[in-house]
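Structure at a glance
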Amino acid sequence: MEAFQCPYLGSAVELSDDRDRHIQADHSGLPSDVFDYIAGTLASPDLIRRKFPSDNTIRFYRWYYDLDKYMVVIVVDDSPPRYWVVTAFVSHRIQRGETLWQRI
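As the structure is a computational prediction, the values presented were derived from the model and not from experiment.

**Some details on the nonpolar core**
Ile38, Leu42, Phe60, Met71 and Val73 are the most contacted members of the largest nonpolar core, which has 23 residues in total. Secondary structure elements with two or more residues in this core: β1 (2-6), β2 (11-15), α2 (34-43), β4 (57-64), β5 (69-78) and β6 (82-91). Sequence-distant contacts of valine 73, defined by excluding residues within four places in its chain, comprise Ile38, Thr41, Leu42, Ile58, Arg59, Phe60, Val85, Thr87 and Ala88.

**Overview of the sheet that holds β1**
The strands that make up a sheet pair up through hydrogen bonds in the backbone, lying either parallel or antiparallel. If you walk across this open sheet you meet the seven strands as β1-β2-β6-β5-β4-β3-β7, and the pairing is mixed. The outermost strands of the open sheet, each flanked by one partner alone, are β1 and β7 (98-102). Here the strands of the sheet are splayed against their neighbours by 30° on average, with no regard to which way each runs. Examined bridge by bridge, strand β3 (residues 47-50) and β4 share three bridges and lie antiparallel to one another. Each residue of the ladder has a partner; that of arginine 49, found in β4, is arginine 59. Its contacts with the sheet put helix α1 (residues 17-26) on β2 and β6, and the angle it makes with β6 is roughly 10°. Its contacts with the sheet place α2 against β1, β2, β4, β5 and β6, and it is angled at close to 110° to β4.

What counts and how
- Residues numbered from 1 in each chain as written.
- Predicted model: local features only at pLDDT ≥ 70, side-chain atom pairs only at ≥ 80, totals over all residues.
- Heavy atoms only, no water.
- Core = buried A, V, L, I, M, F, W, Y, C linked by side-chain atoms within 4.5 Å.
- Buried < 20%, exposed > 50% of the residue type's maximum accessible area, 1.4 Å probe, protein only.
- Helix = DSSP H or I, 4+ residues; strand = E, 2+ residues; numbered from the N terminus.
- Contact = heavy atoms within 4.5 Å.
- Pairing = 2+ DSSP bridges.
- Axes fitted to C-alpha atoms, helices over the stretch in contact; angles between N-to-C directions.

Shape descriptors only; they carry no functional weight alone.
The structure is reproduced here in structure tokens:
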């Protein structure tokens, strides 16, 4: 299991071995050093959104010029406060949703 610091959440975000295997197996186009991109996205996102106000997942977006895409990290917000990565992938677009925070 990996843990990444997330200043926005004020907490560590867990990445289980199972979720890591899912990310590696099911999402093409990821760089070999995907942990660095996940860590960077959680530490310094460009945009944070929630798909629906009642949704318990938070989407972190960060544009990477070397990938020419956004790295998207989706974090589950469980109570009591526990945050864990459900998936991560690269995308050319940002999905609609409620903006929680945006870099100016």
